[in-house]
Amino acid sequence: MPVSLLQRRPDSGLGNIRSSPSAPSRNIDWVLMVAQGALAVIGLAVIYSASHSKVPTGQNAPYGYFFVTRQEIFLIVAVLAMILVMSMDYDWWKDRSRFLYGVTIMMLVLVVLLGAVSGGASLSFDLGPLNLQPAEFCRFTVLLTVAVYLSDDRSDELPYHRFIIGLMLVGTPAALIIIQPDLGSASVLITMAMGIMLVAGAKLRYMLMITVLSIATVGAAVVTKLVKQYQLLRFTAFFNQDSRDPELRDFVYQGKHAIQALATGGITGKGWLQGPITNAKSDIPVQWADFPFSAVGEQFGLIGCAVLIGLYALVLLRIWRIAHLSRDLFGTYLCVGVFTMLLWQVFQNIAMTIGIMPITGLPLPFISYGGSGVVTFFALMGLVQNVHMRRYR
(Lines give C-alpha, C1' and ligand atoms only; values in the text may rest on other atoms or scores of the structure.)
Protein backbone atom coordinates (compact mmCIF):
# COMPACT_ATOMS: atom_id res chain seq x y z
CA MET A 1 0.00 0.00 0.00
CA PRO A 2 1.54 3.35 -1.03
CA VAL A 3 2.59 5.68 1.78
CA SER A 4 0.56 8.86 2.01
CA LEU A 5 2.41 12.06 1.21
CA LEU A 6 1.38 13.35 4.63
CA GLN A 7 2.94 10.32 6.30
CA ARG A 8 6.17 10.29 4.32
CA ARG A 9 9.24 11.34 6.26
CA PRO A 10 11.18 14.17 4.69
CA ASP A 11 14.26 13.33 2.68
CA SER A 12 17.66 14.12 4.09
CA GLY A 13 19.95 16.62 2.46
CA LEU A 14 19.71 20.31 1.70
CA GLY A 15 16.59 21.82 3.17
CA ASN A 16 16.03 18.87 5.53
CA ILE A 17 13.29 20.09 7.88
CA ARG A 18 14.17 17.43 10.43
CA SER A 19 17.46 19.13 11.19
CA SER A 20 17.69 21.82 13.84
CA PRO A 21 17.47 25.46 12.71
CA SER A 22 20.92 25.82 14.28
CA ALA A 23 22.48 23.16 12.02
CA PRO A 24 25.50 24.72 10.22
CA SER A 25 24.35 23.56 6.77
CA ARG A 26 21.13 25.58 7.17
CA ASN A 27 22.92 28.81 8.07
CA ILE A 28 25.12 29.58 5.09
CA ASP A 29 24.92 33.25 4.13
CA TRP A 30 23.85 32.78 0.52
CA VAL A 31 23.75 36.52 -0.19
CA LEU A 32 27.45 36.72 0.68
CA MET A 33 28.18 33.55 -1.28
CA VAL A 34 26.43 34.81 -4.44
CA ALA A 35 28.12 38.24 -4.25
CA GLN A 36 31.51 36.60 -3.85
CA GLY A 37 30.80 34.26 -6.76
CA ALA A 38 29.69 37.17 -8.95
CA LEU A 39 32.99 38.94 -8.29
CA ALA A 40 34.92 35.80 -9.24
CA VAL A 41 32.97 35.44 -12.52
CA ILE A 42 33.57 39.10 -13.35
CA GLY A 43 37.23 38.46 -12.62
CA LEU A 44 37.37 35.70 -15.24
CA ALA A 45 35.83 38.00 -17.85
CA VAL A 46 38.27 40.79 -16.99
CA ILE A 47 41.32 38.51 -17.02
CA TYR A 48 40.42 37.12 -20.45
CA SER A 49 39.65 40.52 -21.94
CA ALA A 50 42.90 42.07 -20.65
CA SER A 51 45.22 39.18 -21.55
CA HIS A 52 43.91 37.42 -24.66
CA SER A 53 45.54 39.79 -27.13
CA LYS A 54 48.84 40.37 -25.32
CA VAL A 55 52.02 38.92 -26.81
CA PRO A 56 54.41 36.99 -24.52
CA THR A 57 58.06 38.00 -24.49
CA GLY A 58 59.98 36.29 -27.26
CA GLN A 59 56.87 34.78 -28.87
CA ASN A 60 54.55 35.72 -31.69
CA ALA A 61 51.41 34.00 -30.38
CA PRO A 62 49.01 35.82 -28.02
CA TYR A 63 48.24 34.53 -24.54
CA GLY A 64 44.68 33.65 -25.58
CA TYR A 65 43.09 31.47 -22.91
CA PHE A 66 46.30 30.87 -20.93
CA PHE A 67 45.64 33.14 -17.93
CA VAL A 68 41.87 32.69 -17.73
CA THR A 69 42.25 28.89 -17.87
CA ARG A 70 44.77 28.96 -15.03
CA GLN A 71 42.48 31.25 -13.05
CA GLU A 72 39.61 28.80 -13.48
CA ILE A 73 41.82 26.07 -12.01
CA PHE A 74 42.81 28.39 -9.15
CA LEU A 75 39.13 29.08 -8.47
CA ILE A 76 38.34 25.37 -8.27
CA VAL A 77 41.13 24.96 -5.70
CA ALA A 78 39.88 28.08 -3.90
CA VAL A 79 36.33 26.75 -3.63
CA LEU A 80 37.65 23.45 -2.24
CA ALA A 81 39.72 25.39 0.31
CA MET A 82 36.66 27.42 1.33
CA ILE A 83 34.56 24.26 1.75
CA LEU A 84 37.31 22.72 3.88
CA VAL A 85 37.44 25.79 6.13
CA MET A 86 33.64 25.90 6.41
CA SER A 87 33.31 22.20 7.20
CA MET A 88 35.07 22.41 10.57
CA ASP A 89 33.91 24.50 13.51
CA TYR A 90 36.08 27.59 13.78
CA ASP A 91 37.02 26.44 17.28
CA TRP A 92 38.84 23.61 15.50
CA TRP A 93 40.94 26.19 13.69
CA LYS A 94 41.37 28.06 16.97
CA ASP A 95 42.96 25.03 18.60
CA ARG A 96 45.51 24.77 15.78
CA SER A 97 46.34 28.44 15.40
CA ARG A 98 49.72 28.20 17.17
CA PHE A 99 50.88 25.35 14.97
CA LEU A 100 49.75 27.12 11.80
CA TYR A 101 51.42 30.34 12.94
CA GLY A 102 54.70 28.49 13.50
CA VAL A 103 54.53 26.91 10.05
CA THR A 104 53.88 30.35 8.58
CA ILE A 105 56.94 31.90 10.24
CA MET A 106 59.07 29.00 9.03
CA MET A 107 57.82 29.42 5.45
CA LEU A 108 58.46 33.18 5.52
CA VAL A 109 62.04 32.58 6.67
CA LEU A 110 62.58 29.92 4.01
CA VAL A 111 61.20 32.06 1.19
CA VAL A 112 63.70 34.81 2.07
CA LEU A 113 66.54 32.29 2.03
CA LEU A 114 65.47 29.95 -0.77
CA GLY A 115 62.61 31.64 -2.64
CA ALA A 116 62.59 32.35 -6.35
CA VAL A 117 63.97 35.83 -7.08
CA SER A 118 61.80 37.90 -9.41
CA GLY A 119 62.42 41.59 -10.00
CA GLY A 120 64.94 41.61 -7.15
CA ALA A 121 62.47 40.23 -4.58
CA SER A 122 62.12 36.76 -3.02
CA LEU A 123 58.35 36.46 -2.77
CA SER A 124 57.51 32.87 -3.65
CA PHE A 125 58.60 29.27 -3.98
CA ASP A 126 59.03 28.13 -7.57
CA LEU A 127 57.10 24.85 -7.88
CA GLY A 128 57.41 24.49 -11.63
CA PRO A 129 54.04 25.47 -13.13
CA LEU A 130 53.05 27.20 -9.88
CA ASN A 131 54.50 29.85 -7.58
CA LEU A 132 53.56 29.53 -3.90
CA GLN A 133 53.54 32.90 -2.13
CA PRO A 134 53.64 32.47 1.69
CA ALA A 135 52.81 36.15 2.31
CA GLU A 136 49.30 35.53 0.94
CA PHE A 137 48.58 32.47 3.10
CA CYS A 138 50.14 34.29 6.05
CA ARG A 139 46.99 36.42 6.26
CA PHE A 140 44.88 33.41 7.22
CA THR A 141 47.18 32.10 9.95
CA VAL A 142 48.12 35.48 11.44
CA LEU A 143 44.45 36.46 11.56
CA LEU A 144 43.67 33.25 13.45
CA THR A 145 46.51 33.80 15.92
CA VAL A 146 45.74 37.45 16.67
CA ALA A 147 42.00 36.78 17.00
CA VAL A 148 42.64 33.87 19.38
CA TYR A 149 44.99 35.89 21.55
CA LEU A 150 42.83 39.01 21.82
CA SER A 151 39.59 37.08 22.37
CA ASP A 152 40.99 35.60 25.59
CA ASP A 153 40.64 39.02 27.23
CA ARG A 154 37.08 39.96 28.22
CA SER A 155 37.68 43.55 29.36
CA ASP A 156 36.10 46.48 27.53
CA GLU A 157 39.48 48.10 27.02
CA LEU A 158 42.53 46.36 25.56
CA PRO A 159 45.29 46.30 28.22
CA TYR A 160 48.67 47.67 27.20
CA HIS A 161 50.57 44.42 27.77
CA ARG A 162 48.13 42.47 25.59
CA PHE A 163 48.39 45.16 22.93
CA ILE A 164 52.19 44.81 22.87
CA ILE A 165 52.08 41.01 22.59
CA GLY A 166 49.43 41.25 19.85
CA LEU A 167 51.65 43.74 18.06
CA MET A 168 54.56 41.30 18.23
CA LEU A 169 52.42 38.50 16.80
CA VAL A 170 51.73 40.66 13.75
CA GLY A 171 55.07 42.45 13.66
CA THR A 172 57.19 39.30 13.31
CA PRO A 173 55.62 38.06 10.03
CA ALA A 174 55.21 41.64 8.79
CA ALA A 175 58.95 42.27 9.26
CA LEU A 176 59.81 39.05 7.41
CA ILE A 177 57.52 40.11 4.55
CA ILE A 178 59.15 43.56 4.40
CA ILE A 179 62.55 41.84 4.13
CA GLN A 180 61.40 39.95 0.98
CA PRO A 181 60.55 42.87 0.24
CA ASP A 182 56.75 43.06 -0.15
CA LEU A 183 55.46 46.29 1.38
CA GLY A 184 51.95 45.78 0.03
CA SER A 185 51.33 42.46 1.78
CA ALA A 186 52.89 43.81 4.99
CA SER A 187 50.47 46.76 4.90
CA VAL A 188 47.52 44.32 4.71
CA LEU A 189 48.66 42.52 7.89
CA ILE A 190 49.15 45.81 9.73
CA THR A 191 45.73 47.07 8.64
CA MET A 192 44.14 43.82 9.80
CA ALA A 193 45.79 44.15 13.22
CA MET A 194 44.67 47.76 13.59
CA GLY A 195 41.07 46.83 12.76
CA ILE A 196 40.91 43.99 15.28
CA MET A 197 42.65 45.94 18.04
CA LEU A 198 40.37 48.92 17.52
CA VAL A 199 37.30 46.71 17.98
CA ALA A 200 39.01 45.01 20.93
CA GLY A 201 39.18 48.35 22.74
CA ALA A 202 42.65 49.66 21.94
CA LYS A 203 43.20 53.31 22.79
CA LEU A 204 43.90 55.91 20.12
CA ARG A 205 47.51 56.26 21.22
CA TYR A 206 47.97 52.53 20.60
CA MET A 207 46.82 53.01 17.02
CA LEU A 208 49.24 55.90 16.62
CA MET A 209 51.98 53.66 17.95
CA ILE A 210 51.28 51.03 15.29
CA THR A 211 51.39 53.73 12.61
CA VAL A 212 54.69 55.19 13.87
CA LEU A 213 56.30 51.77 14.23
CA SER A 214 55.17 50.78 10.73
CA ILE A 215 56.64 53.94 9.22
CA ALA A 216 59.85 53.47 11.21
CA THR A 217 60.15 49.85 10.02
CA VAL A 218 59.74 50.83 6.40
CA GLY A 219 62.19 53.69 6.91
CA ALA A 220 64.75 51.29 8.36
CA ALA A 221 64.22 48.92 5.42
CA VAL A 222 64.88 51.78 3.01
CA VAL A 223 68.03 52.90 4.86
CA THR A 224 69.41 49.36 4.98
CA LYS A 225 68.50 48.91 1.29
CA LEU A 226 66.16 46.00 1.96
CA VAL A 227 63.58 47.90 -0.09
CA LYS A 228 64.58 47.60 -3.72
CA GLN A 229 65.16 50.51 -6.06
CA TYR A 230 62.13 49.71 -8.22
CA GLN A 231 59.87 49.98 -5.16
CA LEU A 232 61.25 53.41 -4.29
CA LEU A 233 60.74 54.46 -7.90
CA ARG A 234 57.04 53.64 -7.55
CA PHE A 235 56.71 56.24 -4.80
CA THR A 236 58.85 58.73 -6.72
CA ALA A 237 56.65 58.25 -9.78
CA PHE A 238 53.53 58.81 -7.68
CA PHE A 239 54.77 62.27 -6.63
CA ASN A 240 56.08 63.04 -10.13
CA GLN A 241 53.36 61.75 -12.42
CA ASP A 242 54.36 64.16 -15.22
CA SER A 243 58.04 63.26 -15.01
CA ARG A 244 60.00 62.48 -18.16
CA ASP A 245 62.81 60.80 -16.23
CA PRO A 246 63.74 57.55 -18.05
CA GLU A 247 63.92 55.70 -14.71
CA LEU A 248 60.31 56.58 -13.95
CA ARG A 249 59.01 56.03 -17.49
CA ASP A 250 57.54 52.56 -16.99
CA PHE A 251 55.74 53.44 -13.74
CA VAL A 252 54.39 56.74 -15.09
CA TYR A 253 53.39 54.95 -18.31
CA GLN A 254 51.40 52.29 -16.43
CA GLY A 255 49.58 54.78 -14.25
CA LYS A 256 48.73 57.20 -17.05
CA HIS A 257 47.36 54.49 -19.32
CA ALA A 258 45.28 53.02 -16.50
CA ILE A 259 43.71 56.41 -15.86
CA GLN A 260 43.21 56.93 -19.59
CA ALA A 261 41.44 53.58 -19.89
CA LEU A 262 39.06 54.54 -17.09
CA ALA A 263 38.43 58.00 -18.53
CA THR A 264 37.65 56.80 -22.06
CA GLY A 265 35.07 54.28 -20.82
CA GLY A 266 32.49 56.99 -20.23
CA ILE A 267 29.13 56.01 -18.74
CA THR A 268 28.48 52.70 -20.46
CA GLY A 269 31.96 51.72 -21.68
CA LYS A 270 33.31 50.60 -25.04
CA GLY A 271 31.95 47.08 -24.72
CA TRP A 272 33.58 43.78 -23.81
CA LEU A 273 36.73 43.14 -25.88
CA GLN A 274 36.23 46.52 -27.60
CA GLY A 275 38.55 48.66 -25.44
CA PRO A 276 41.33 50.24 -27.52
CA ILE A 277 43.67 50.33 -24.49
CA THR A 278 42.68 47.18 -22.60
CA ASN A 279 42.49 45.03 -25.71
CA ALA A 280 45.60 46.45 -27.37
CA LYS A 281 48.72 44.34 -27.45
CA SER A 282 50.85 46.08 -24.81
CA ASP A 283 49.34 49.34 -23.53
CA ILE A 284 49.09 48.35 -19.83
CA PRO A 285 51.58 45.61 -18.86
CA VAL A 286 50.16 42.86 -16.60
CA GLN A 287 46.80 44.66 -16.53
CA TRP A 288 44.95 41.44 -15.65
CA ALA A 289 46.86 41.22 -12.34
CA ASP A 290 47.66 44.81 -11.34
CA PHE A 291 45.09 47.06 -13.02
CA PRO A 292 41.91 45.04 -13.63
CA PHE A 293 39.74 47.96 -12.48
CA SER A 294 40.92 49.98 -15.48
CA ALA A 295 39.76 47.13 -17.74
CA VAL A 296 36.32 47.24 -16.11
CA GLY A 297 36.15 51.03 -16.52
CA GLU A 298 37.10 51.06 -20.19
CA GLN A 299 34.87 48.19 -21.27
CA PHE A 300 31.85 48.70 -18.99
CA GLY A 301 32.18 52.37 -18.05
CA LEU A 302 30.98 54.10 -14.92
CA ILE A 303 28.04 51.70 -14.65
CA GLY A 304 30.35 48.67 -14.62
CA CYS A 305 32.61 50.28 -12.01
CA ALA A 306 29.58 51.11 -9.86
CA VAL A 307 28.32 47.52 -10.06
CA LEU A 308 31.73 46.19 -9.08
CA ILE A 309 32.07 48.57 -6.13
CA GLY A 310 28.47 47.80 -5.16
CA LEU A 311 29.28 44.08 -4.99
CA TYR A 312 32.26 44.81 -2.76
CA ALA A 313 30.08 47.00 -0.55
CA LEU A 314 27.53 44.18 -0.28
CA VAL A 315 30.25 41.68 0.70
CA LEU A 316 31.62 44.07 3.32
CA LEU A 317 28.16 44.74 4.77
CA ARG A 318 27.46 41.02 5.09
CA ILE A 319 30.81 40.43 6.80
CA TRP A 320 30.10 43.26 9.25
CA ARG A 321 26.65 41.82 9.93
CA ILE A 322 28.12 38.39 10.66
CA ALA A 323 30.65 39.99 13.02
CA HIS A 324 27.68 41.33 15.04
CA LEU A 325 25.90 37.97 14.99
CA SER A 326 28.91 35.96 16.16
CA ARG A 327 28.45 33.75 19.21
CA ASP A 328 31.77 34.88 20.72
CA LEU A 329 34.56 37.45 20.51
CA PHE A 330 36.80 35.10 18.56
CA GLY A 331 34.30 34.93 15.70
CA THR A 332 33.79 38.68 15.81
CA TYR A 333 37.51 39.35 15.57
CA LEU A 334 37.85 36.91 12.66
CA CYS A 335 35.18 38.78 10.72
CA VAL A 336 36.63 42.19 11.59
CA GLY A 337 40.05 41.04 10.38
CA VAL A 338 38.66 39.84 7.04
CA PHE A 339 36.62 43.05 6.76
CA THR A 340 39.65 45.33 7.22
CA MET A 341 41.90 43.31 4.91
CA LEU A 342 39.31 43.28 2.13
CA LEU A 343 38.45 46.97 2.56
CA TRP A 344 42.10 48.06 2.52
CA GLN A 345 43.06 45.93 -0.46
CA VAL A 346 40.08 47.05 -2.56
CA PHE A 347 40.78 50.68 -1.68
CA GLN A 348 44.49 50.43 -2.42
CA ASN A 349 44.08 48.73 -5.82
CA ILE A 350 41.35 51.07 -7.04
CA ALA A 351 43.12 54.13 -5.62
CA MET A 352 46.39 53.32 -7.40
CA THR A 353 44.44 52.78 -10.63
CA ILE A 354 42.94 56.27 -10.47
CA GLY A 355 46.25 57.81 -9.41
CA ILE A 356 45.61 58.81 -5.78
CA MET A 357 47.86 56.12 -4.23
CA PRO A 358 51.29 54.77 -5.22
CA ILE A 359 51.41 51.68 -7.42
CA THR A 360 51.83 48.50 -5.37
CA GLY A 361 51.59 44.80 -6.08
CA LEU A 362 48.32 44.36 -4.16
CA PRO A 363 45.76 42.58 -6.38
CA LEU A 364 42.07 43.42 -6.54
CA PRO A 365 40.40 40.65 -4.45
CA PHE A 366 38.48 37.99 -6.44
CA ILE A 367 39.19 39.90 -9.68
CA SER A 368 42.95 39.94 -10.25
CA TYR A 369 44.81 36.99 -11.71
CA GLY A 370 46.76 34.94 -9.18
CA GLY A 371 46.45 31.60 -7.41
CA SER A 372 47.77 32.36 -3.92
CA GLY A 373 45.62 35.48 -3.61
CA VAL A 374 42.32 33.97 -4.74
CA VAL A 375 42.77 30.80 -2.65
CA THR A 376 43.58 32.87 0.45
CA PHE A 377 40.57 35.16 0.07
CA PHE A 378 38.21 32.23 -0.50
CA ALA A 379 39.62 30.58 2.62
CA LEU A 380 39.11 33.82 4.57
CA MET A 381 35.52 34.00 3.34
CA GLY A 382 35.19 30.39 4.50
CA LEU A 383 36.09 31.58 8.01
CA VAL A 384 33.40 34.26 7.82
CA GLN A 385 30.82 31.72 6.65
CA ASN A 386 31.99 29.41 9.43
CA VAL A 387 31.19 32.06 12.03
CA HIS A 388 27.75 32.63 10.50
CA MET A 389 26.94 28.91 10.21
CA ARG A 390 27.77 28.30 13.87
CA ARG A 391 26.45 31.47 15.44
CA TYR A 392 24.08 29.39 17.59
CA ARG A 393 25.57 27.43 20.47
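Placed above this text is the structure.
### Some words on the packing of aromatic side chains
Link 1 in the chain: Tallied over the full model, the rule gives 16 aromatic pairs.
Link 2 in the chain: Between the aromatic rings of Phe 66 and Phe 67, the centroid separation amounts to 5.0 Å while the plane-to-plane angle is 85°, which identifies the pairing as edge-to-face.
Link 3 in the chain: Each ring, one from Tyr 160 and one from Phe 163, has its centre 6.4 Å from the other, and the planes form 35°; the classification is tilted. Of the two residues, Tyr 160 and Phe 163 both sit in helix H6 (residues 160-179), 3 residues apart, roughly one turn of that helix.
Link 4 in the chain: The class for Tyr 160 is partly exposed, based on a relative accessible area of 45%.
Link 5 in the chain: Using a relative accessible area of 0% as the deciding quantity, one classes Phe 163 as buried.
Link 6 in the chain: These aromatic residues form a ring-pair network of at least three members: Phe 66, Phe 67, Phe 74, Trp 288 and Tyr 369.
Link 7 in the chain: A cation over an aromatic ring shows up here: Lys 94 above the ring of Phe 330, its NZ or CZ 5.4 Å from the ring centre.
Link 8 in the chain: Across from the ring centre of Tyr 149, 4.2 Å away, lies the NZ or CZ of Arg 162, which sits over that ring.

### Let's talk about the environment of Asn 279
Link 1 in the chain: Along the chain, Asn 279 turns up in the loop between helix H10 (249-264) and helix H11 (287-290).
Link 2 in the chain: We classify Asn 279 as buried; its relative accessible area is 15%.
Link 3 in the chain: Remark: the alpha-carbon pair of Asn 279 and Gln 299, spanning 20 residues in sequence, is separated by 9.4 Å.
Link 4 in the chain: If sequence neighbours within four positions are ignored, Asn 279 has contacts with Ser 49, His 52, Ser 53, Leu 273, Gln 274 and Gln 299.
Link 5 in the chain: In terms of polar contacts, Asn 279 uses its side chain to reach the backbone carbonyl oxygen of Ser 49, at 2.7 Å.
Link 6 in the chain: A distance of 2.6 Å separates a polar side-chain atom of Asn 279 from the backbone nitrogen of Gly 275.

### Brief notes about H6
Link 1 in the chain: Between the first and last C-alpha of H6 there are 28 Å, a value that for 20 residues agrees with the 28 Å anticipated at 1.5 Å per step.
Link 2 in the chain: At Gly 171, H6 is bent by approximately 30°, the largest bend along its length, and proline Pro 173 sits one to four residues beyond.
Link 3 in the chain: Residues of H6 that are buried include every one of Arg 162, Phe 163, Gly 166, Leu 167, Leu 169, Val 170, Pro 173, Ala 174, Leu 176, Ile 177 and Ile 178, and no others.

### Some details on the packing of helix H2 (residues 66-87) against helix H14 (residues 371-389)
Link 1 in the chain: Packing of H2 against H14 brings their axes to within 8 Å, and their N-to-C directions diverge by 25°. As the angle between them shows, H2 and H14 are arranged roughly parallel. When you trace H2 past H14, the crossing you get is right-handed. Along the contact surface, H2 presents Gln 71, Phe 74, Leu 75, Val 77, Ala 78, Val 79, Ala 81, Met 82, Val 85 and Met 86, while H14 presents Gly 371, Val 374, Val 375, Phe 378, Ala 379, Gly 382, Leu 383, Gln 385, Asn 386 and Met 389.

Basis of the calculations
Residues numbered from 1 in each chain as written. Predicted model: local features only at pLDDT ≥ 70, side-chain atom pairs only at ≥ 80, totals over all residues. Heavy atoms only, no water. Phe/Tyr/Trp six-rings, centres within 6.5 Å; stacked < 30°, edge-to-face > 60°. Helix = DSSP H or I, 4+ residues; strand = E, 2+ residues; numbered from the N terminus. Buried < 20%, exposed > 50% of the residue type's maximum accessible area, 1.4 Å probe, protein only. Lys NZ or Arg CZ within 6 Å of the ring centre and 35° of its normal. Contact = heavy atoms within 4.5 Å. Polar contact = N/O pair within 3.5 Å; in protein donor to acceptor, adjacent residues only side chain to side chain. Expected span 1.5 Å × (residues − 1). Bend = angle between axes of the 7 residues up to and from the residue. Axes fitted to C-alpha atoms, helices over the stretch in contact; angles between N-to-C directions. Parallel < 35°, antiparallel > 145°, perpendicular 65-115°, else oblique. Left-handed = near helix turned anticlockwise from the far one by under 90°.

Keep in mind these values describe shape, not function.
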